[in-house]
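Listed here are the chains, written in short residue letters.
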Amino acid sequence: MSTDRRAVVLGGAGFIGRRVCRTMTRAGWDVVAVSRRPVPLPGVRTQPLDLCTAPVLPLLLHERPAVVVNAAGGVFGATEREMRDANVLLVERLVTALTALPWTPRLIQLGTVHEHGDTAAGAPLTEDTPTRPTSVYGQTKLRATRLVRSAHAAGAIDAVVLRVVNLLGRDAPTTSLPGRVVAELARLHRRGESGILELLALNAARDYIDVADVADAVVRAAGRPVGGRVIPIGSGTATSVRWLVHELVAISGVPATVAELEPLGPGAVGNSGGAHHITVDTTLADQLLGWRARTTLTGSLRAMWLAASEPAPELGAVPTP
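Report follows, based on the coordinates.

**Some points on the sheet that holds strand S2 (residues 30–35)**
What the 7 strands build is an open sheet, ordered S3-S2-S1-S4-S5-S6-S10; its pairing is parallel. At either end of the open sheet lies a strand with only one pairing partner, and these are strand S3 (45–48) and strand S10 (230–233). Averaged over neighbouring strand pairs, the angle between their axes works out to 20° when direction is ignored. Pairing analysis gives 4 bridges linking strand S6 (residues 158–164) to S10, with the strands arranged parallel. If you follow Val161 over to S10, its bridge partner there is Val230. In the packing of helix H3 (residues 80–99) onto the sheet, the strands contacted are strand S1 (3–10), strand S4 (65–70) and strand S5 (106–112), and the crossing angle to S4 comes to about 170°.

**So, the pairing of S1**
Relative to S4, S1 runs parallel, the two sharing 5 bridges. Paired with Thr3 across the two strands is Pro65, which belongs to S4. For S1 and S2, the ladder comprises 5 bridges, and the chain directions are parallel. Residue pairing in the sheet places Arg6 in a bridge with Asp30 of S2. Handedness of the crossover is the feature at issue here: the chain leaves S1, passes through helix H1 (residues 15–26), returns alongside S2, and the resulting connection is right-handed.

**Comments concerning empty space enclosed by the protein**
Overall, the coordinates contain 2 cavities of 30 Å³ or more when judged by the stated rule. Roughly 60 Å³ of internal volume is contained in the largest cavity. What lines the largest cavity is Phe15, Arg18, Arg19, Arg22, Arg170, Asp171 and Val211. Considering each element in turn, the lining of the largest cavity owes the most residues, 4 residues, to H1. Roughly 50 Å³ of internal volume is contained in the second largest cavity.

Thresholds, definitions, all that
Residues numbered from 1 in each chain as written. Predicted model: local features only at pLDDT ≥ 70, side-chain atom pairs only at ≥ 80, totals over all residues. Heavy atoms only, no water. Pairing = 2+ DSSP bridges. Helix = DSSP H or I, 4+ residues; strand = E, 2+ residues; numbered from the N terminus. Axes fitted to C-alpha atoms, helices over the stretch in contact; angles between N-to-C directions. Contact = heavy atoms within 4.5 Å. Right-handed = clockwise from strand over helix to strand, strands pointing away. 1 Å grid on protein atoms, 1.4 Å probe; cavity = no way out; pocket = protein on both sides within 12 Å on 5 of 7 lines; lining within 4 Å. Points joined across faces, edges and corners; volume = space filled by probe spheres on them.

Scope: geometric values only; no functional claims are made or implied.
Printed below as a string of structure tokens:
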């Protein structure tokens with residue numbers, strides 16, 4: 001038998017994982033955050049483990065979770081081998097471990113809209129939209145989704161995939177365009193300088209949500225009868241990437257000029273990924289999870305800027321969670 005309100009979050013020190021741990025803890029879960037280099041989180045137990053090399057089965061047998069959240073994985077900026085190891089091999093080993101357990105925890109696998117690849121403008125992505133990923137990231141995440149769904153269909157595990165859009169939020173990684181822009185603005189702010197942000201062409205329109213809303217979707221997916229489904233998680237609205245960048249500059253107050261390079265150029269600090277229109281159909285998330293994105297884009301961007309522009313805590317100080 002599992003411990004009914006215990007959750008193991010793989011990748012618990014990451015951008016999404018940290019927020020999932022906090023949100024599940026506040027919802028009454030006993031959370032264990034697993035990562036190579038644990039980050040202390042209030043009310044969360046941490047477990048150091050290199051998920052790409054160490055077996056996860058002993059940990060699961062010891063903790064006996066009712067829910068396992070896979071928030072680990074390689075993202076843009078990682079090498080092809082790193083993404084294959086983190087997005088495919090890790091999931092293969094996780095599925096094997098879950099199959100060997102004497103009980104059946106719910107696996108929540110975090111996927112990405114990049115599993116779909118290029119899509120027609122104006123066509124919201126659904127659970128059944130064809131998947132034709134063109135990037136290594138999208139291809140490896142799709143392989144993970146198929147591994148999880150296949151194991152669920154065979155009755156070996158109980159799993160749901162949340163296919164997530166582009167993310168905003170406090171401490172967003174610099175591997176994302178918004179994260180890089182905020183980091184560069186913060187650098188200029190600390191130096192009291194003006195500057196030029198050289199970016200690749202900002203022609204895209206993307207569906208963005210705050211990482212806090214993703215964590216809320218995870219909590220809802222933990223206890224609902226949604227096994228076997230792939231649920232798109234997004235706002236349902238495509239936002240101009242150009243607007244997003246200029247809004248970040250305006251919020252920061254930094255005297256920075258945005259220069260778009262066509263299509264590539266040395267020194268670029270970000271990339272919108274081309275002239276693509278990506279949004280998801282939110283109907284399934286509403287029907288199955290009672291979920292919708294609640295954080296406004298401007299509120300999310302303000303939180304990102306405040307976090308990036310705050311002075312570093314003094315030695316011995318406890319950061320605000």
